[in-house]
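Structural characterization, general
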Amino acid sequence: MSMLKRMVAVVLGVVVIAIAGIVVFVATFDANRYKPEIEALAKQHLGRTLTLGGDMGLTLWPALGLRAEQVSVGNAEGFTDPLFAEAESLVLGVQLMPLLSKRLEVDEVALDGLKLFLERRKDGSNNWSLAPQAAVPQAAPEAPAAAPGTAREFGLLVGGVTLSRAEVQFRDGASGEVWNVAPVDLSTGTIEPGKPFDASLAIGFAQADKKLQGQLRYKGRMSVDPKLPSVEVSNLRLEADASNLPGGIEKVVLKAQAEKLSVAGESLKLTTTPLSIDVRLQNGPAPLELLDAKLMLGLAGDLSPVRLTLAPFEGDLHAEGEGFGSKGLNARLQGEAALDLAAGTGQLTHLSVDADGLLATLSGKLDGLTAAPRFAGRMEVADFNPRAWLAAHGRPLGELPEGTLAQAGAKADVSFADGTLRLTALEAKLDETRAQGSIGAGKAGLSADLALDRLDIDRYLPPKPAKTPGTPREGGGSPAPGPGADSPIELPVAMLRDLNGAVNLRVGHLTAQRVDVRDLRLAAKARGGDIVVDTLSGRAFDGQINARGGLDVRGQAPAYRASGKASAVDVGAVLRQFANSDRLSGHGELDFDLRTTGASVNGLKAGLDGTARARFYDCLLYT
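A brief look at the structure comes next. Along each chain, the written sequence defines residue order, and numbers are assigned to residues from 1. Predicted model: local features are reported for residues with pLDDT of at least 70 only, side-chain atom pairs are reported and counted for 80 or more only, and whole-chain, interface and lining totals are derived from all residues. Side-chain metrics in this entry use all non-hydrogen atoms of the structure; hydrogen atoms and water are not considered.

**What to know about the overall build of the protein chain**
We apply this condition: Put simply, DSSP marks the helices as runs of H or I at least four residues long and the strands as runs of E at least two long, and each gets a number from the N terminus on. The rule is simple: take the accessible area with a 1.4 Å probe, protein chains only, and divide by the maximum for that residue type; under 20% is buried, over 50% is exposed, in between is partly exposed. Contact criterion: two residues are considered in contact whenever any of their non-hydrogen atoms come within 4.5 Å of each other. Accessible areas in this description were obtained via Shrake-Rupley with a 1.4 Å probe; residue shielding takes into account the shown protein chains only.
Check the secondary structure of the protein chain and you find 6 helices and 33 strands. Residues classed as buried in the protein chain amount to 27% of the 623 residues present. Within the protein chain, contacts between residues separated by at least 24 positions form 47% of all contacts whose residues are at least 6 apart in sequence. Counting every atom, the protein chain has about 38,100 Å² of accessible surface; 60% of that belongs to carbon and sulfur.

This is the structure in structure tokens:
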């Protein structure tokens, strides 16, 4: 027994001496002596100056490790900030015992107070492309042959990564924008190749002027296999929100969930289980106050050349705001699409929208995505009842006669190029009117080239109120203007000055103010307040009318001009239509070339100038 006690005492003594030796080693070890060698290695491999400004030392608990303070990396020449990165502290802990089994177990990687200064200049160069210094090539020592049954690989395990209070500043010289991403906090569980680990990430971001700001939060379980390489995420939960966005958007909240997402292989092949995405947009007092969208889709493709396929997806959308009624707008989306950024192309195989009974479909192809995006496809709006649809969304058309705007629909080829949207091969219907042609909107303004079979404008005008003797006038019974009184002519001058475009309109049969016009032709254009009618022609009252004219609102007072000829007009029909008189029959013709300027009726009369000539023939006067 005494022998056993002496053996135990010896073992305990050895352990105590070993622990004491480790304590003495850690206490007396001066890691600062190796600063020059570490900084030189960083210069060689990073091409940047590494500065270890604070103290360096070993840590003993909970694991043997190295701690460095006030670490910074210099910036490349020609960039705004003198530093590329700096950190208040860096801690790297290593477990001792696994080293004996050729396993490197990093107990902890902790980085606190990291600041990154990223910049891209106008010429496209950036400061995050590291260029190591050229080194003198040396022959690599020949590795000793492994003994039979001996593993050659050196395992790696990281107990956890912690990134706290990190900040990233990004300057874009091309746009002049400065983005601040802060704070950035990251924490993970134990990381071992091929085995899952928990990870959480929180990021805040803002523009330099603080007008746009937001945050992003991620949580999930990941596994990383560097041999493939591959990353697999399970139980993915992603949340993001941003406020003060362009366009007056007050806030956007996004949530995404998926049971599985994986990226594997050299081409980074991506696959997901159905991905649930919720987007909620709030826009305050603007017409669109709320947009709540829920989308379910599956992703597949290669991320290296960025080729993505959106498997058949579906979603629900709810919108509230001015014009949507008390129940808002509800829409159902279904579709399928693919994207290839390497080739700059995309394919929208099918997209259908059912917005409370308003059915629309769209399909087509995209190209030029990396330079000048272009789209070519086909759209169709199924027949629906605009009056009932608008009434259901708080926009009743009580001021229009019953039976109008009861049927509408359209289909057309759709294209977008050089900032211009065009509808060609257009076929549209509105009640009894059928239209064909094309419509465009873009940098050059609006354009339309349309042919209508018939258009009855009178049926869309509200009925005139019946006048009864003694009925007071609106506005408190103000008397009618007396002789010599002037009436101003109010024109939307600001809108007319902004109007740019051209229209070419043909109507087989037009009815307006109980006048029937056949074969109407109208060709007009507008540019910066100068509106020109090159052609206005048609057949009415058995005669032919050809005219041209214009309106110029670029000056202080509107200027009008009109010229043309009316020939073989049935004078008796004109008097019956407008004067309710049948005392004259016959035909006539009129030539005119008139100009005037003014903002009131009397002003137009005073500024009237030009010529007019009328001739009547085959006339009979009835008494």
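**Remarks on helix H2 (residues 35-46)**
Given 3.6 residues per turn, any residue in an α-helix points the same way as the ones three and four places further on. So the rule is basically this: What a helix should span is 1.5 Å times the count of its residues minus one.
Here H2 is 12 residues long and its end C-alpha atoms lie 16 Å apart, about the 16 Å a rise of 1.5 Å per residue gives. Two residues or fewer past H2, glycine 47 is found with a positive phi of approximately 75°.

**Side note on the environment of lysine 122**
By the element assignment, lysine 122 lies in the loop between strand S6 (115-120) and strand S7 (155-158). Residue class for lysine 122 comes out exposed when judged on its relative accessible area of 73%. A C-alpha to C-alpha distance of 4.8 Å links lysine 122 and glycine 173, two positions 51 residues apart in sequence. What lysine 122 contacts, discounting residues up to four positions off in sequence, is Gly173 and Ala174.

**Topic: the pattern of salt bridges**
To keep it simple, the criterion reads: Counted as salt bridges are all cases of a side-chain nitrogen of Lys or Arg within 4 Å of a carboxyl oxygen of Asp or Glu.
Scanning the entire structure with this criterion turns up 29 salt bridges. With a closest N to O distance of 3.6 Å, lysine 195 and glutamate 192 form a salt bridge. Across the pair aspartate 593 and arginine 595 runs a salt bridge, and its minimum N-O distance is 3.6 Å. Judged by relative accessible area, which is 35%, aspartate 593 ranks as partly exposed. The exposure class of arginine 595 is partly exposed, given its relative accessible area of 40%.

**What about the layout of surface pockets?**
Inclusion rule: Method remark: on a 1 Å grid restricted to protein atoms, a set of points is classed as a cavity if a 1.4 Å probe fits but cannot get out and as a pocket if it is open with protein on both sides within 12 Å along at least five of seven lines; lining residues have an atom within 4 Å of a point. Grid points are joined across faces, edges and corners, and a volume is the space filled by probe spheres set on the points. Three residue categories are used. Nonpolar comprises Ala, Val, Leu, Ile, Met, Phe, Trp, Tyr, Cys and Pro, charged comprises Asp, Glu, Lys and Arg, and polar comprises the others, including Gly.
Each pocket or cavity is described by its volume, and for the largest pocket that value is around 690 Å³. Forming the boundary of the largest pocket are 30 residues, of which Ala540, Phe541, Ile545, Ala566 and Phe592 lie nearest the centre. Those elements that place two or more of their residues in the lining of the largest pocket are strand S27 (500-512), strand S28 (515-527), strand S29 (530-540), strand S30 (543-552), strand S31 (559-570), helix H5 (571-578), strand S32 (584-597) and strand S33 (609-621). Ranked by residues supplied to the lining of the largest pocket, first place goes to S29 with 6 residues. Residues that form the lining of the largest pocket fall into these classes: 23 nonpolar, 4 polar and 3 charged. Size it by volume and the second largest pocket reaches roughly 390 Å³. Along its surface, the second largest pocket is lined by 19 residues, and Leu50, Leu52, Val71, Leu90 and Leu111 are the ones closest to its centre. Residue assignment for the lining of the second largest pocket shows that the elements contributing at least two residues are H2, strand S1 (50-52), strand S3 (64-74) and strand S4 (83-94). Considering only residue class, the lining of the second largest pocket consists of 17 nonpolar, 1 polar and 1 charged.

**Notes on the nonpolar core**
What counts, and what does not: In plain words, nonpolar cores are sets of buried Ala, Val, Leu, Ile, Met, Phe, Trp, Tyr and Cys residues tied together by side-chain atoms within 4.5 Å.
One finds Leu236 and Leu275 to be the most contacted residues of the largest nonpolar core, which totals 20 residues. Among the elements of the structure, strand S10 (196-207), strand S11 (213-225), strand S12 (230-245), strand S13 (249-264), strand S15 (275-282), strand S18 (307-321) and strand S20 (345-355) are those that each provide at least two residues to this core. Among the elements that take part in this core, S13 stands out by supplying 4 residues, more than any other. What leucine 236 contacts, discounting residues up to four positions off in sequence, is Tyr218, Lys219, Ala256, Gln257, Ala258, Leu261 and Leu275. Core analysis: the next-biggest nonpolar cluster, separate from the first, contains 14 residues, Met379, Ala412, Leu450 and Leu520 among them.

**Topic: unusual backbone geometry**
Residue proline 183 follows alanine 182 across a cis peptide bond; omega there is -10°. Examined against the element boundaries, proline 183 turns out to sit in strand S9 (residues 178-188). Unlike most non-glycine residues, glutamine 70 shows phi in positive territory, near 55°. Mapped onto the elements, glutamine 70 comes out in strand S3. The partly exposed category is assigned to glutamine 70, whose relative accessible area is 47%. A positive phi angle is found at alanine 425, which is not glycine, with a value near 50°. Here alanine 425 lies in strand S24 (residues 420-430). Classification of alanine 425 by relative accessible area gives partly exposed; the value is 45%.

**Comments concerning the pairing of strand S26 (residues 445-456)**
Using the following cut-off: Should DSSP find at least two bridges between two strands, the strands are regarded as paired.
Sheet analysis places strand S25 (residues 433-442) next to S26, joined by 8 bridges and oriented antiparallel. Counterpart to alanine 435 in the pairing with S26 is leucine 452. Between S25 and S26, which follow one another and run antiparallel, lie 2 residues. Sheet topology note: the S26/S27 ladder contains 10 bridges and is parallel. Note that in S27 the partner of aspartate 456 across the bridge is threonine 511.

**A word on H5**
Let me state the cut-off plainly: A 3.5 Å cut-off defines polar contacts: any pair of N or O atoms within that distance qualifies, except that in protein one atom must be a possible hydrogen donor and the other a possible acceptor, and neighbouring residues in sequence count only when both atoms are side-chain atoms.
The complete set of buried residues in H5 reads Val571, Gly572, Ala573 and Gln577. For H5, the N-terminal capping position is held by aspartate 570, with its side-chain oxygen 3.1 Å away from the main-chain nitrogen of glycine 572. Directly beyond the C-terminal end of H5, a positive phi value near 50° is found at asparagine 580.

**Let's talk about the environment of leucine 551**
Its place among the elements puts leucine 551 in strand S30. Not counting residues within four places of it along the chain, the set of residues in contact with leucine 551 comprises Leu491, Leu496, Gly529, Asp530, Ile531, Pro558, Ala559, Tyr560 and Arg561.

**Examining the packing of aromatic side chains**
In plain terms, the rule: Two aromatic rings, drawn from Phe, Tyr or Trp (for Trp, its six-membered ring), form a pair once their centres lie within 6.5 Å of each other, and the interplanar angle then sorts them: stacked below 30 degrees, edge-to-face above 60, tilted otherwise.
Taken as a whole and assessed by the stated rule, the structure comprises 2 aromatic pairs. Seen from their ring centres, tryptophan 128 and phenylalanine 170 are 6.2 Å apart, and the 50° between their planes marks the pair as tilted. Here the residue tryptophan 128 occupies a position in the loop between S6 and S7, and phenylalanine 170 occupies one in strand S8 (residues 161-172), the gap between them amounting to 42 residues. Residue tryptophan 128 is classed as partly exposed on the basis of its relative accessible area, which comes to 36%. Ring centres of phenylalanine 541 and phenylalanine 578 lie 6.2 Å apart, and the angle between their planes is 55°; this geometry places the pair in the tilted category. With phenylalanine 541 in the loop between S29 and S30 and phenylalanine 578 in helix H5, this pair connects stretches of sequence that are 37 residues apart. With a relative accessible area of 56%, phenylalanine 578 lands in the exposed category.

**Focus on the environment of proline 386**
Among the secondary structure elements, proline 386 is positioned in helix H3 (residues 386-392). Given the relative accessible area of 10%, proline 386 is considered buried. For the pair proline 386 and leucine 358, spaced 28 residues apart in the sequence, the C-alpha separation amounts to 8.9 Å. Residues within four places of proline 386 in sequence aside, it is in contact with Leu405, Ala406, Gln407 and Ala408.

Spatial relationships are all this shows, so hold off on functional conclusions.
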